Amino acid sequence: MLPLFWIFDMDCEKLTPNALKIFEKIKSLYPPDPWGHGQWEEEGRIYDNGWHDLRKEQDREKLIKWYAHMIGSSVITFAEAQQMKTGKFTKKSFHFKMSKEWILKALILRELDYQIETQD
């Protein structure tokens, strides 16, 4: 038998006070576009290659998976370049640079997702 939390979507209609604190962290990662249009809305929506409603589990999950994929792809791409350049791949030669922003977004989105699911 599946646990109840697997049966129901973990959506919310309004962000709780704790979720709003986490959302404040997100706002700084979505500054206005070059035309001055906001990339986030107070009710919990952000623009990240399309609008996503962070009150919806499906949207949060989609963004978290996207950033995890981007981070993983960056690591693999760098490792491949290092191996081609040096002919070998060692732990010591593995100094990769990836977007801190991607990592930060993924962490904050996971924090928000956890908070909404637990209603902490």
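Up top is the structure.
Residues numbered from 1 in each chain as written. Predicted model: local features only at pLDDT ≥ 70, side-chain atom pairs only at ≥ 80, totals over all residues. Heavy atoms only, no water.

Chemist: Got a minute to help me understand the packing of helix α2 (residues 17-27) against helix α4 (residues 100-118) in this structure?
Modeler: Contact pair α2 / α4: the axes reach a minimum separation of 10 Å and the direction vectors enclose 170°. Between α2 and α4, the crossing angle belongs to the class labelled roughly antiparallel. Between α2 and α4 lies a crossing whose hand is left-handed. Taking contact as the criterion, the partners of Asn 18, Ala 19, Ile 22, Lys 25 and Ile 26 in α2 are, on α4, Ile 108, Leu 109, Glu 111, Leu 112, Gln 115 and Ile 116. A per-class count over the contact of α2 with α4 returns 7 nonpolar, 2 polar and 2 charged. (Axes fitted to C-alpha atoms, helices over the stretch in contact; angles between N-to-C directions. Helix = DSSP H or I, 4+ residues; strand = E, 2+ residues; numbered from the N terminus. Parallel < 35°, antiparallel > 145°, perpendicular 65-115°, else oblique. Left-handed = near helix turned anticlockwise from the far one by under 90°. Contact = heavy atoms within 4.5 Å. Nonpolar A, V, L, I, M, F, W, Y, C, P; charged D, E, K, R; others polar.)

Chemist: Whenever I open this one, unusual backbone geometry confuses me. Can you help?
Modeler: Generally, phi is negative for residues other than glycine and the peptide bonds are trans, each holding for most cases. Although it is not a glycine, Asn 49 adopts a positive phi angle of roughly 55°. Along the polypeptide, Asn 49 turns up in the loop between β2 (45-47) and β3 (51-53). Take Asn 49: its relative accessible area is 68%, and that puts it in the exposed class. (Buried < 20%, exposed > 50% of the residue type's maximum accessible area, 1.4 Å probe, protein only.)

Chemist: What's the story with α2 in this structure? I'm lost.
Modeler: Each turn of an α-helix holds 3.6 residues, which means side chains three or four residues apart point in the same direction. Ala 19, Ile 22, Phe 23, Ile 26 and Lys 27 are the residues of α2 that are buried. Down the axis, α2 shows its buried residues gathered within 155° of arc, on one side only. Within α2, the exposed residues directed more than 90 degrees away from the buried face are Pro 17 and Lys 21. Against β1 (40-41), β2 and α4 lie the buried residues of α2. (Arc of directions from axis to C-beta.)

Chemist: Before we go on, may I ask you to explain the pattern of salt bridges in this structure?
Modeler: Close approach of charged atoms allows side chains of opposite charge to pair. Per the stated rule, a full pass over the model turns up 8 salt bridges. Here Glu 24 and Lys 27 are joined by a salt bridge, their closest N and O atoms 2.7 Å apart. Remark: Lys 27 and Glu 24 occur in helix α2; sequence separation between them is 3 residues, near one turn of the helix. Judged by relative accessible area, which is 45%, Glu 24 ranks as partly exposed. Among the residues examined, Lys 27 registers a relative accessible area of 12% and is labelled buried. Beyond isolated ion pairs, a larger network of salt bridges with shared partners links Glu 24, Lys 27 and Glu 42. (Salt bridge = Lys/Arg side-chain N within 4 Å of Asp/Glu carboxyl O.)

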